[in-house]
Amino acid sequence: MGGRDATMVLLDENGIRCDGRKIDEPRRIMIKAGGLKNADGSAYIEFGDNKILVGVFGPRDVHPKHMSNTDTGILRVRYHMEPFSVGERKNPAPSRREIEISKVIKEALEPAVMLEKFPRTAVDVFIEILQADGGTRCAALTAASVALADAGIPMRDMVAAIAAGKVADTVILDVNNEEDQAGQADMPIGYMPSAEKITLLQLDGVLTPEEYKKCVEVGVEGCKLVYDLQKKALNDKYFGNKGD
Ligand code: ADP
């Protein structure tokens with residue numbers, strides 16, 4: 001996907017990555033709660049060059065009715081990439097990748113949402129990827145949690161997400177598109193800090209058991225940074241706390 005420079009240096013002799021970051025440095029992250037008038041809750045995130053908008057609707061009636069559950073509410077997630085979100089126009093038809101990412105984000109959010117509090121209803125989460133640059137599932141999961149909180153959906157906690165990975169035999173935090181394509185491993189992690197629970201963990205690539213452990217540790221620490229920004233976004237909207 002996209003043109004890759006085979007000679008690109010992923011990690012230089014000073015431990016600096018291809019986009020100028022240190023190994024444990026996340027990209028610039030900006031989260032805004034709210035913004036969509038017609039949604040019950042919404043959020044916008046910029047995670048490096050990823051730009052993602054999330055709208056949440058519900059709890060609302062389920063159509064068709066037989067899809068509803070009398071014991072609990074259901075969560076539905078649609079992850080959608082705009083055709084213009086990547087360098088080469090993406091085919092607008094839903095891809096297997098979008099279906100897979102919708103599923104993993106839904107499963108990563110389910111432990112956080114108190115679905116038992118609204119039986120027979122559905123909460124819909126619409127994720128629009130406006131610009132993609134590696135790590136969209138983590139950025140989208142992070143923004144979806146803020147949008148659910150913004151909608152007032154009862155939650156145990158928010159899920160914060162970021163990827164750890166491996167380039168040039170070194171464990172790094174927050175894998176960008178180049179590192180994802182040319183690196184050795186990519187491990188997206190979603191984490192609920194208050195419960196100390198990992199709700200998303202995927203791995204693309206090969207790691208030794210030690211590297212695996214290190215990736216989880218680095219990823220969880222990264223999630224805690226992301227979590228602070230999620231809380232700040234909600235504080236900014238609801239308590240007018242505009243400070244950095
Ligand atoms: P994630 O975005 O969660 O890292 P992937 O590892 O599947 O998910 O994708 C990595 C990156 O590849 C995406 O963030 C995006 O920048 C790019 N990409 C995904 N799908 C396409 C596509 N159809 N065309 C071009 N680039 C794509």
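Values in this document were obtained by computation on a predicted structure and should not be read as measured data.

Thresholds, definitions, all that
- All residue numbers refer to positions counted from 1 along the written sequence of the respective chain.
- Note on the predicted model: pLDDT of at least 70 is required for a residue's local features to be given, and 80 or more for side-chain atom pairs to be given and counted; whole-chain, interface and lining totals, by contrast, use all residues.
- Computation of side-chain values: all heavy atoms of the structure, hydrogens and water removed.
- Put simply, two rings from Phe, Tyr or Trp (the six-membered ring, in Trp's case) pair if the centres are within 6.5 Å, and we call them stacked under 30 degrees between planes, edge-to-face over 60, tilted for the rest.
- Helix and strand definitions follow DSSP, with helices as H or I runs of at least four residues and strands as E runs of at least two, each counted in order from the N terminus.
- Any residue with a non-hydrogen atom lying within 4 Å of a molecule or strand is treated as near it.
- Under the rule applied, a polar contact is a pair of N or O atoms within 3.5 Å (in protein, one hydrogen donor and one hydrogen acceptor; residues adjacent in sequence only if both atoms are side-chain atoms).
- Per-residue and other accessible areas follow the Shrake-Rupley method at a 1.4 Å probe size, with only the shown protein chains counted as cover for residues.
- Under the convention used throughout, the expected extent of a helix is 1.5 Å for every residue step, that is, one less than its residue count.
- Exposure classes here rest on a 1.4 Å probe applied to the protein chains alone. A residue is buried below 20% of its type maximum, exposed above 50%, and partly exposed in between.
- Note on contacts: a residue pair is in contact if any heavy atoms of the two residues lie within 4.5 Å.
- Note: two strands are recorded as paired if DSSP finds a minimum of 2 bridges between them.

A. Representation of the packing of aromatic side chains. Tallied over the full model, the rule gives one aromatic pair. For the pair F57 and F126, a centre-to-centre distance of 5.7 Å together with 75° between the ring planes defines the contact as edge-to-face. Taken together, the positions of F57 in strand 3 (residues 50–61) and F126 in strand 5 (residues 121–131) put the pair 69 residues apart, joining distant regions of the chain.

B. Just the site of the ligand, in detail. Residues in contact with the ligand amount to 14 residues; listed here are only the nearest, R97, G134, G135, T136 and R137. Here G135 contributes a backbone N or O atom positioned 2.7 Å from an oxygen atom of the ligand. T136 has a polar side-chain atom sitting 2.5 Å from an oxygen atom of the ligand. For the ligand, whose free accessible area comes to 540 Å², the fraction covered by protein is 83%.

C. Up close: helix 1 (residues 96–109). In this model, helix 1 (14 residues) spans 20 Å end to end at C-alpha, consistent with the 20 Å of a helix rising 1.5 Å per residue. If you check which residues of helix 1 are buried, you get E98, I101, S102, V104, I105, A108 and L109. Among the structural elements, strand 4 (74–81), strand 5, helix 2 (136–150) and strand 9 (197–201) are those in contact with the buried residues of helix 1.

D. Main features of the pairing of strand 6 (residues 160–167). Of all eight residues in strand 6, eight are buried, a share of seventy percent or more. Burial along strand 6 is two-sided: the residues A160, I162, A164 and K166 and A161, A163, G165 and V167 are all buried. Both strand 6 and strand 8 (residues 185–192) contribute to a ladder of seven bridges, which runs antiparallel. Considered in strand 8, the bridge of A160 is made with Y191. Pairing between strand 6 and strand 7 (residues 170–173): four bridges, direction antiparallel. Considered in strand 7, the bridge of A164 is made with L173. Taken together, strand 6 and the strand that follows it, strand 7, pair antiparallel across an intervening segment of two residues, in which A168 is found at a positive phi of about 45°.

E. Main features of unusual backbone geometry. In this chain, G58 is followed by P59 through a cis amide linkage whose omega measures 0°. Within the element layout of this structure, P59 appears in strand 3. In this structure, P64 follows H63 across a cis peptide bond, with omega equal to -5°. Residue placement: P64 occurs in the loop between strand 3 and strand 4. The phi dihedral of A168 is positive, around 45°, even though this residue is not glycine. Here A168 is to be found in the loop between strand 6 and strand 7. The phi angle at D174 is positive, at roughly 65°, despite the residue not being glycine.

Fair warning: the whole summary comes from geometry, so function is off the table for now.
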